[in-house]
Amino acid sequence: MNTRFLLRCLGMLLLGWLTGWPAHAQTPTLDPNAPNQPGLATPPLPPAPPPPAPAAPRRLGRPRVLRLDAEAADRPLLRRYKVRAAVPDSLSALREIRELVLALQGDAYLTASADTLRWGRDTVRVRLYVGTQFRWAYLRNGNLGDGLLTRAGYREKFFRQTPFVPADWVRLQERVLTEAENQGFPFATVGLDSIRLSDRDIAGRVVLKRGPAVVFDSLQIVGNTKTKKRFLTKYLQIFPNQPFSQQRVAAAAQLLRQLPYVKLRAEPEIRFAKGRARVYLLLDDRPSNQFDAIVGILPNADQRKTGVQITGDVTINLRNIKGGGKQIGLQFRKTDALSQLLDAQYVHPNFFGTPLEVAGTFNLYQQTNAFLTLRPRVQVTYPTARAGRISFFTEQRGSFLLNPDSLSTALPENIDSQYNSYGLGYAWNSLDDLFFPHRGYLITAQGAVGTKTITRNGVLKPELYDGVLLRSTQYSLGLRAERYFPVKKAGVLLLRLRGEGLVNPRLFTNDLFRLGGLNSLRGFNENEFYSSSYAVATAEFRQFIGADSYAFLFADQAYFRHDLATDRYADQPTGVGAGLSFRTAAGLFQFVYSVGQSSYAQQGFGLKTSKIHFGLTSRF
């Protein structure tokens, strides 16, 4: 081993970093100037250019050609690194050389350096020393528990006769410290001990200094909110005398942003004293209780009659009742002259002190005088910050004929049936604002399976049910995905995809999904289309003129299938329109004008078939 190489090895102050500068739990960052990064030999500065003539324009830089000189054995290695052959000026040349040296050191060539730089008129000649690639002889467990080291991703084979890549060691440090600070040791440090250097092999033990143990003290709420500390303690799962967990504190901000009735003014703050950590939440209430009244003016669905028909939608939502996070919701919709819909909901968070959220819903739909459908549902949800909201639900759907025809010679398109199902749901929300988002994602999905039972109606002839499968397995799927993009200063582009599907050997009209109207496919009457499966893609541009006021343009493109035993077809309806939503003293006023085109509905874009919706949303 020559003297030059010995001097380089002895000058490796990274070993001082490995022992004398341990990583800290609260700041596990990689600093390019830290001792674990061997210093780049400072090249001589280029000669100062001659002063320009008074009349000549000042030149800010001169293009340079980079020429790398290295040992013949190192040249194939250097070809793997993308180094620009020409740079616009001297500063860019220095940066290019520094990035190359740092890349070599990051690939375990710890003694790599740029020894000399020779500056010509338009050329920079660099003499590079690559050196030997260092490697781990071994890295053993010092005083860490096997469980902690395993959870941190340590495997002995990863650090035995493998290249000594500083980034790998830093990542292991960060994972060990993350595990430690989530187990009550936020001031832990980690480093190497018993280091041995033999030729190009490095050996050592990983050692953790845990520091003082810390437990949670309490939650402190700062701000104007009526939300109770007891509810937030259970919702965030931050209990007194539990071991401190940085992960729970970090998750608290995301969980709080999922609540529509509070506004997080700043990230949670932590204060440590005498082995205890007190968490401060900076919260304010935001208006979230809702009262909506929307009126729709549509052309008469009965083409034999003239004039218009009035539809309506009334919604009441009460959230965070008595500061405990409970919710009650009620919605009534009149979709046409003889049809109506009723939805009711109750949500109870922290059921029996657990993080589980229990909800019950009830849906009633009456289609003219044809049938009545009832859908009670019970759902249990586990909200998480990283994985989203995971739900399990059970639902019973019963549909009943209202005026069956006793003289009918065939089964009607609607039938008495009952569908008992069990399913899973998932929701992910990263929106920056639940009511007026400017960026982020919203994804919900659910799937259910159950048994569908067809009930014989006493009014209909028994022989009409011959050959009909009375019990069968039915599957249902649903998906909704939204993405919000900020556009310049006050614009927002919304892209949305919604879809649902039913799978069953024999479907009837009152089994199908209903599509059309302000909440699903704008430009058409409420529930105009009955589909066994559908997808609706939406593009909507919103130009905000205030914090909660905007004008918008939209386009809805749908595809649906109507698959019944005696009636099968598909269509691709399109709806376009514009609207305005703005704040008034009484609430949020919304006006929507839309037109639609559909082959099945025999409707084209036109003034006579246009739809107007306007309404008022009051939040308090």
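Our structure's up above, just so we're on the same page.
As the structure is a prediction and not an experimental result, all values here were calculated from the model.

Side note on the overall build of the chain
Part 1 of the reasoning: Scanning the chain for helices and strands turns up eight helices and 31 strands.
Part 2 of the reasoning: With 620 residues in all, the chain has 44% of them scored as buried.
Part 3 of the reasoning: The contacts in the chain between residues at least 6 apart in sequence include a share of 59% that link residues at least 24 apart.
Part 4 of the reasoning: Per element, the accessible surface of the chain, about 32,200 Å² overall, is 56% carbon and sulfur.

Comments concerning the packing of aromatic side chains
Part 1 of the reasoning: With the rule as written, the count across this model stands at 20 aromatic pairs.
Part 2 of the reasoning: Aromatic pair F244 and F272: ring centres 5.4 Å apart, planes at 65 degrees, arrangement edge-to-face. Highlighted residues: F244 in the loop between α7 (229-236) and α8 (246-257) and F272 in strand β11 (residues 269-273), separated in sequence by 28 residues.
Part 3 of the reasoning: Owing to a relative accessible area of 0%, F244 belongs among the buried residues under this scheme.
Part 4 of the reasoning: Aromatic ring contacts, followed pair by pair, group W136, Y154, F159, F164 and W169 into a single cluster.
Part 5 of the reasoning: One cation-aromatic arrangement involves R271 over Y280; the distance from NZ or CZ to the ring centre is 4.7 Å.

Considerations on a nonpolar patch on the surface
Part 1 of the reasoning: A cluster of nonpolar side chains, F291, V314, I316, L318, I328, L330, F332, Y346 and F620, forms an exposed patch at the surface whose accessible area comes to about 750 Å².
Part 2 of the reasoning: Elements with a contribution of two residues or more to the nonpolar patch: β14 (308-321) and β15 (326-334).
Part 3 of the reasoning: With respect to the helices, strands and loops of the structure, Y346 is situated in strand β16 (residues 340-348).

Some remarks on empty space enclosed by the protein
Part 1 of the reasoning: Counting across every chain of the model gives two cavities of 30 Å³ or more.
Part 2 of the reasoning: Looking at the second largest cavity, the residues that line it are I294, V295, G296, T311, G312, D313, R333, K334, L518, N519, E526 and H613.
Part 3 of the reasoning: If you list the elements that add at least two residues to the lining of the second largest cavity, you get β13 (290-299), β14 and β15.
Part 4 of the reasoning: Per-class residue counts for the lining of the second largest cavity are three nonpolar, five polar and four charged.

Quick word on the nonpolar core
Part 1 of the reasoning: By size, the foremost hydrophobic cluster in this structure holds 24 residues, and its most contacted members are L219, L232, L236, L256, L259 and L281.
Part 2 of the reasoning: Leaving out residues up to four positions away in the same chain, L281 has contacts with L219, Q220, I221, V222, L232, L236, L256 and P268.

Details of helix α4 (residues 90-106)
Part 1 of the reasoning: In this model α4 runs 24 Å from its N-terminal to its C-terminal C-alpha over 17 residues, within 8% of the 24 Å that 1.5 Å per residue would give.
Part 2 of the reasoning: Taken as a whole, α4 has its buried residues at S90, S92, A93, E96, I97, L100, V101, L104 and Q105.
Part 3 of the reasoning: Contacts made by the buried residues of α4 are with β2 (64-69), α3 (75-78), β3 (86-87), β4 (113-119), β5 (123-129) and α6 (166-181).
Part 4 of the reasoning: Of the residues flanking the start of α4, the one acting as N-cap is D89, its side-chain oxygen 3.4 Å from the backbone nitrogen of L91.
Part 5 of the reasoning: A108 sits one or two positions beyond α4 and adopts a positive phi of about 85 degrees.

Overview of α8
Part 1 of the reasoning: By the burial criterion, the buried members of α8 are V249, A251, A252, A253, L255 and L256.
Part 2 of the reasoning: Where α8 is buried, its residues meet β9 (215-222), α7, β10 (262-264), β11, β12 (276-285) and β18 (371-383).

Quick notes on unusual backbone geometry
Part 1 of the reasoning: If you check the backbone angles, Q161 has positive phi at about 55 degrees while not being a glycine.
Part 2 of the reasoning: Within the fold, Q161 resides in the loop between α5 (146-151) and α6.
Part 3 of the reasoning: Taking the relative accessible area as the measure of exposure, Q161 reaches 44% and is therefore partly exposed.
Part 4 of the reasoning: Look at S194: it is not a glycine, yet its phi comes out positive at around 55 degrees.
Part 5 of the reasoning: Along the chain, S194 falls in strand β7 (residues 189-198).

Some details on the environment of N504
Part 1 of the reasoning: Looking at the secondary structure, you find N504 in the loop between β23 (491-503) and β24 (513-515).
Part 2 of the reasoning: Separated by 32 residues in the primary sequence, N504 and S472 have C-alpha atoms spaced 7.3 Å apart.
Part 3 of the reasoning: What N504 contacts, discounting residues up to four positions off in sequence, is K452, S472, T473 and Q474.
Part 4 of the reasoning: From its side chain, N504 meets the backbone nitrogen of R506 in a polar contact 2.9 Å long.

Overview of the side chain of S581
Part 1 of the reasoning: Along the chain, S581 turns up in strand β29 (residues 574-584).
Part 2 of the reasoning: Take S581: its relative accessible area is 1%, and that puts it in the buried class.

Observations regarding the sheet that holds β5
Part 1 of the reasoning: Spatially, four strands are ordered β3-β2-β5-β4 in an open sheet, and the strand pairing comes out mixed. Edge positions in the sheet fall to β3 and β4, since each has one partner strand and no second.
Part 2 of the reasoning: Direction of pairing for β4 relative to β5: antiparallel, over a ladder of six bridges. Following the sheet pairing, L117 is matched in β5 by V126.
Part 3 of the reasoning: Strand contacts of α4: β2, β3, β4 and β5, with the helix running at about 160 degrees to β4, the strand carrying the most contacts.

Focus: the pairing of β2
Every other side chain in a regular strand lies on the same face of the sheet, so the side chains alternate between the two faces.
Part 1 of the reasoning: Pairing of β2 with β3 involves two bridges; the strand directions are antiparallel. Directly across from V65, in β3, lies its bridge partner A86.
Part 2 of the reasoning: Two strands pair when backbone bridges link them, and β2 and β5 are joined in this way by five bridges, in the parallel orientation. Bridge pairing in β5 places V65 opposite T123.

Regarding the pattern of salt bridges
Part 1 of the reasoning: Evaluated as defined, the whole model comprises 27 salt bridges.
Part 2 of the reasoning: For E96, the salt bridge goes to R84, with nearest N and O atoms at 3.3 Å. Of this pair, E96 sits in helix α4 while R84 is found in the loop between α3 and β3, placing the two residues twelve residues apart along the sequence.
Part 3 of the reasoning: Residues R286 and D433 are paired through a salt bridge, measuring 3.0 Å at the closest nitrogen-oxygen approach. With a gap of 147 residues between them, R286 in the loop between β12 and β13 and D433 in the loop between β20 (417-429) and β21 (440-454) connect regions that are remote in the sequence.

Cut-offs and rules
- Residues numbered from 1 in each chain as written.
- Predicted model: local features only at pLDDT ≥ 70, side-chain atom pairs only at ≥ 80, totals over all residues.
- Heavy atoms only, no water.
- Helix = DSSP H or I, 4+ residues; strand = E, 2+ residues; numbered from the N terminus.
- Buried < 20%, exposed > 50% of the residue type's maximum accessible area, 1.4 Å probe, protein only.
- Contact = heavy atoms within 4.5 Å.
- Areas by Shrake-Rupley, 256 points an atom, 1.4 Å probe, with all protein chains shown as cover.
- Phe/Tyr/Trp six-rings, centres within 6.5 Å; stacked < 30°, edge-to-face > 60°.
- Lys NZ or Arg CZ within 6 Å of the ring centre and 35° of its normal.
- Patch = residues over 30% accessible without salt bridge, like charges linked within 9 Å, V, L, I, M, F, W, Y side chains within 5 Å.
- Salt bridge = Lys/Arg side-chain N within 4 Å of Asp/Glu carboxyl O.
- 1 Å grid on protein atoms, 1.4 Å probe; cavity = no way out; pocket = protein on both sides within 12 Å on 5 of 7 lines; lining within 4 Å.
- Points joined across faces, edges and corners; volume = space filled by probe spheres on them.
- Nonpolar A, V, L, I, M, F, W, Y, C, P; charged D, E, K, R; others polar.
- Core = buried A, V, L, I, M, F, W, Y, C linked by side-chain atoms within 4.5 Å.
- Expected span 1.5 Å × (residues − 1).
- Polar contact = N/O pair within 3.5 Å; in protein donor to acceptor, adjacent residues only side chain to side chain.
- Pairing = 2+ DSSP bridges.
- Axes fitted to C-alpha atoms, helices over the stretch in contact; angles between N-to-C directions.

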